[in-house]
Amino acid sequence: MPKIISIVPEVEIIFSLPRGKIIQNKSIIYLLAQYIGATVSIEKINNAQEFSVAAEMENLVIIINHDDVIFFAEQDYEKIYRLN
């Protein structure tokens with residue numbers, strides 16, 4: 001199940017998923033994107049899934065906004081987030 005990290009209504013949503021569990025949560029990803037009025041392509045979800053399976057990490061962090069879908073290993077996201 002996704003863990004919500006941050007929601008800025010109508011702007012951005014940040015959440016994490018367990019490694020390799022993106023396809024099982026695809027409908028949840030779409031619903032979270034719809035909540036802020038954004039769309040997510042199946043290609044982006046597939047890219048995130050491939051990254052999640054290939055990378056050695058515990059969780060994947062996904063950032064959805066109106067411009068893009070960005071994903072990081074959770075430990076990389078935490079390093080970036082702590083710097084800001």
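As shown above, the structure is provided for reference.
All figures in this text were calculated on a predicted structure; none of them were measured in a lab. (Residues numbered from 1 in each chain as written. Predicted model: local features only at pLDDT ≥ 70, side-chain atom pairs only at ≥ 80, totals over all residues. Heavy atoms only, no water.)

**Some points on the environment of I42**
(1) Moving on: Relative to the assigned elements, I42 resides in helix 2 (residues 42–54).
(2) Moving on: Of the residues examined, I42 reaches a relative accessible area of 40% and is grouped as partly exposed.
(3) Moving on: Separated by 19 residues in sequence, I42 and I23 place their C-alpha atoms 9.8 Å apart. (Helix = DSSP H or I, 4+ residues; strand = E, 2+ residues; numbered from the N terminus. Buried < 20%, exposed > 50% of the residue type's maximum accessible area, 1.4 Å probe, protein only.)

**Observations regarding the packing of aromatic side chains**
(1) Moving on: Under the defined criterion, the tally for this structure stands at two aromatic pairs.
(2) Moving on: With a centroid separation of 5.5 Å and an interplanar angle of 50 degrees, the aromatic rings of F51 and F71 are classed as tilted. A residue pair is termed long-range when its members are at least 10 positions apart, and F51 in helix 2 and F71 in strand 4 (residues 69–73) qualify at 20 residues.
(3) Moving on: By relative accessible area, F71 is classed as partly exposed at 22%. (Phe/Tyr/Trp six-rings, centres within 6.5 Å; stacked < 30°, edge-to-face > 60°.)

**Thoughts on a nonpolar patch on the surface**
(1) Moving on: On the surface, I4, I7 and Y35 cluster together into a nonpolar patch covering about 290 Å² of accessible area.
(2) Moving on: Of the residues examined, I4 reaches a relative accessible area of 41% and is grouped as partly exposed. (Patch = residues over 30% accessible without salt bridge, like charges linked within 9 Å, V, L, I, M, F, W, Y side chains within 5 Å. Areas by Shrake-Rupley, 256 points an atom, 1.4 Å probe, with all protein chains shown as cover. Salt bridge = Lys/Arg side-chain N within 4 Å of Asp/Glu carboxyl O.)

**Examining unusual backbone geometry**
(1) Moving on: A positive phi angle, close to 65 degrees, is found at E10, a residue other than glycine.
(2) Moving on: With respect to the helices, strands and loops of the structure, E10 is situated in the loop between strand 1 (3–8) and strand 2 (12–18).
(3) Moving on: With a relative accessible area of 64%, E10 lands in the exposed category.

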